[in-house]
Structures are given as C-alpha cells and as structure tokens.
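Understanding the architecture of this molecule
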Amino acid sequence: MIQDKIAQIREEIINFDLQNSTQLEDFRIKFLGSKNCIKDLFSDLKNVANEDKKVLGLELNSLKILAEEKFNSFQYDQKGNKSLNKRIDVSRPSESSPVGSHHPLSLVRDEIIGIFKRIGFTISEGPEIEDDWHNFSALNFPPEHPARDMQDTFFIQKDEREMALRTHTSSVQVRVMESTPPPIRTISPGRVYRNEAISARAHCFFHQIEGLYIDKGVSFADLKQTLLHFAKEMFGSQAQIRMRPSYFPFTEPSAEVDVSCSLCNQKGCNVCKYSGWLEIMGCGMVDPNVLTACGIDAKKYSGFAFGMGVERIAQLKYRVADLRMYSENDARFLKQFQSGI
Ligand code: PHE
C-alpha cells in the first residue's frame, strides 16, 4: 500500500542520523537525488484510484518538503564538518543574560539625593575644572591657605589659564549664589580631586555631596535639625548626631558632624574605634564674606552649608574596608550590590 510506504519513508527521514558529510550525501541521494524513493512513489500514483490521487499527492509533496527542510537545516562549512547551528527552535526559551548592578557609590549618592530632594533641595552641578575664584577665593580662602598648595590641589593649564581640578563641590555653590537670588536650597553632588597618595583610606579623587541653604533668618538650629533628619533617614530612626567645633574658611561657626555608630549601637567596635561615633561631614553657617563675594546681601540673608564624602557614607553602610575597591571595577565586589537595583 502506498500509504504504508509514505509513513515508512516519513519515519526514515525523521530518524535519519545526520552527523557528517557522508551521511548528508547518503540522505540527499536517497530522498532528494534524481532517483529518490519519493519520486518512485509519485510514479506509483498512476496506479491509485482517481479519488485518492489528490490526497496522496499532497502527502507526497509534504514528504518531499520534509526531506528538503531537514537537508537544508544542516549547514556545512567548507571542510565538510557539521556546523553547530542545527535547525533553530524559535520556541525555545532564551538563555538569561547576566544582570549588571549599580555601583555602590551611585546607590548611596542617589539615596542621599533622594533624602534632600524630599525636603525641597534642588540639585546643582558644575565643572570639574575650576578657576581659583570658584574653588578658593570666593570661599574666603586666604592667599596663603595650605589647601591652595600644590600638595593638595592638582593645578592644570587650560586655554593658557592656570586652573585647578576642584577640591570640593563648594565651587558649585558659589556658582549658584552668583546666579540665583535667595532663597536657595540646593545640593551639589560630584567628583572632586585632591593630590593625595592612594591608600586604603585616601584617594586622589572621590565624590562629595555638599548642601547650601540661604534665606532670611536661617539659624544653626535649622542646620542641626536638617542634618539630624538626614542621619535618621540614612542610618535609621535610632541615629543620633553630635557636632564638634571645627574650622573651614567659608563657614563661621563651623563643625564636624558625627553620627552614632549603627554597627555596634554605640557599644564600641573597631569601625568607630570604640568611641561609639563616626565622623560623616563638615558643616557651618556660611561666612558673611562668602555671601558678599557672591553678591548676596549678608545683612539680609544668612545660610548654612554642609559637605560629605559619598565614599565615607557608602563605607559605613556597606562596610567597605578599602577605598580603592570603589574604582578597581572588580566584578566580585560590584556583584554584591545587585540586590540594590
Ligand atoms: N567643602 C568642605 C570639604 O570639602 C566640606 C564643607 C562644606 C564643610 C560645607 C563645611 C561646609 O571638606
């Protein structure tokens, strides 16, 4: 019976082992060659009853297509070796591609920005190559201040002018004060540079977020409350802050801010050096000289400023022991922050 032969040939085509060029050639001769077995069946059609001819003809055609498709889906390179791309199964689920992760500094920067954004701070950015005025002079640095020294600052020539890689993002705040009438409430995130030997605790570049608030009647109490709010949002509601008197040329009075050590709940650990406190930023009331230099009436307005290192906050949050890890691009380090996406 011709139907049985069709079924048998179909099985043969499906099960034919195609591994190398010899087998492929055998396959071609048997099913697609000039004297192939499907052709034989076509000539048998003339012995079939007329009413069956149409159906059987269609079946034989599909048999021919099956053989052609199997043959075509095995592609051979010039040497006659079987190539790897067999027939493509479009229904197969794709392999998952590796998921990247945000850099820990980006995660922490975005978290800090989010906290200040929610209490009405805008974000301002400025150039990393700065002039003396914006990085130092407008900020009340006296000409002989050691921070201006080559030892701390990278100086470069740009368009025949002596410029510096900014040592802090306070330079951005000068630009904001010069261009915006108060009230001003802004934070400036960005990369800063200092000429330091690279070690586990220091790097020649790092990231800062500095804040500035200028309005009528802004007081030290406003500064303290704002920073306490920040500490609780960042480190948890149990967080406390303390302020120690300090000095910056651009603020008066000035303070260093410590946050209670959340790693040991102030019991004392090696991270807080058994003091229960961790230093996180500098702050103070904007010096009236700075307001005046930036064209703001110091009799009418007052303000506070603060500045923190993103690496430092990230170090406390993720317990990163060595600053250099942030810029080494070691995938094993970065992978640990995948859940933070
Ligand atoms: N600009 C200071 C620094 O880079 C930080 C700071 C900002 C301190 C604002 C006080 C007020 O160290």
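Each value, and the rule that gives it
Residues numbered from 1 in each chain as written. Predicted model: local features only at pLDDT ≥ 70, side-chain atom pairs only at ≥ 80, totals over all residues. Heavy atoms only, no water. Helix = DSSP H or I, 4+ residues; strand = E, 2+ residues; numbered from the N terminus. Rg over C-alpha atoms; globule rule 2.2 N^0.38 Å. Buried < 20%, exposed > 50% of the residue type's maximum accessible area, 1.4 Å probe, protein only. Contact = heavy atoms within 4.5 Å. Areas by Shrake-Rupley, 256 points an atom, 1.4 Å probe, with all protein chains shown as cover. Pairing = 2+ DSSP bridges. Domains from an automatic or database assignment. Near = heavy atom within 4 Å. Polar contact = N/O pair within 3.5 Å; in protein donor to acceptor, adjacent residues only side chain to side chain. Nonpolar A, V, L, I, M, F, W, Y, C, P; charged D, E, K, R; others polar. Phe/Tyr/Trp six-rings, centres within 6.5 Å; stacked < 30°, edge-to-face > 60°.

1. What to know about the overall build of the protein chain
Along the protein chain, the regular secondary structure elements total 11 helices and 10 strands. In terms of C-alpha radius of gyration, the protein chain reaches 37 Å, well past the compact-globule figure of 20 Å for 341 residues. On the principal axes, the C-alpha backbone points of the protein chain span a range of 115 × 55 × 40 Å. Counting across all 341 residues of the protein chain, residues that qualify as buried make up 41%. A sequence separation of at least 24 residues applies to 64% of the contacts in the protein chain between residues at least 6 apart. When the accessible surface of the protein chain is totalled, it reaches about 19,500 Å², and 50% of it is carbon and sulfur.

2. A look at the sheet that holds strand β5 (residues 184-193)
Taken in spatial order, the seven strands line up as β1-β5-β6-β10-β9-β8-β7 in an open sheet, and their pairing is mixed. Either end of the sheet is taken by a strand with one partner, and the two such strands are β1 (122-123) and β7 (241-248). Bridging between β7 and strand β8 (residues 251-260) involves seven bridges; their strand directions are antiparallel. Paired with Arg-244 across the two strands is Glu-256, which belongs to β8.

3. What to know about the domain arrangement of the protein chain
We note that the domain assignment places domain 1 (2-84) and domain 2 (104-340) within the protein chain. Placing a centre on the C-alpha atoms of domain 1 and another on those of domain 2 gives a separation of 76 Å.

4. Concerning the pairing of β8
Counting buried positions over the 10 residues of β8 gives eight, a clear majority of the element. If you look at the hairpin formed by β7 and β8, you'll find two residues sitting between the two strands. Direction of pairing for β8 relative to strand β9 (residues 277-286): antiparallel, over a ladder of eight bridges. If you follow Val-257 over to β9, its bridge partner there is Met-281.

5. Concerning the site of the ligand
Around the ligand there are 13 residues in total, and His-168, Ser-170, Arg-194, Gln-208 and Glu-210 lie nearest to it. At 3.1 Å from a nitrogen atom of the ligand is found a side-chain nitrogen or oxygen belonging to His-168. Between an oxygen atom of the ligand and a side-chain N or O atom of Arg-194, the distance comes to 2.9 Å. Going through the elements one at a time, β6 (205-215), β9 and β10 (302-309) are the ones with two or more residues in the shell around the ligand. Across the shell around the ligand, the residue classes break down as five nonpolar, six polar and two charged.

6. Here we look at the packing of aromatic side chains
By the definition in use, this model includes 16 aromatic pairs. Aromatic side chains Phe-121 and Phe-306 sit 6.5 Å apart centroid to centroid with 65° between the ring planes, which places their arrangement in the edge-to-face category. Pair noted here: Phe-121 is in the loop between α5 (104-118) and β1 and Phe-306 is in strand β10, with a separation of 185 residues, a long-range link. Accessibility expressed as a relative area gives 5% for Phe-121, which makes it buried. Here the aromatic residues Phe-116, Phe-121, Tyr-213, Phe-230, Phe-304 and Phe-306 are joined through ring pairs into a cluster of three or more.

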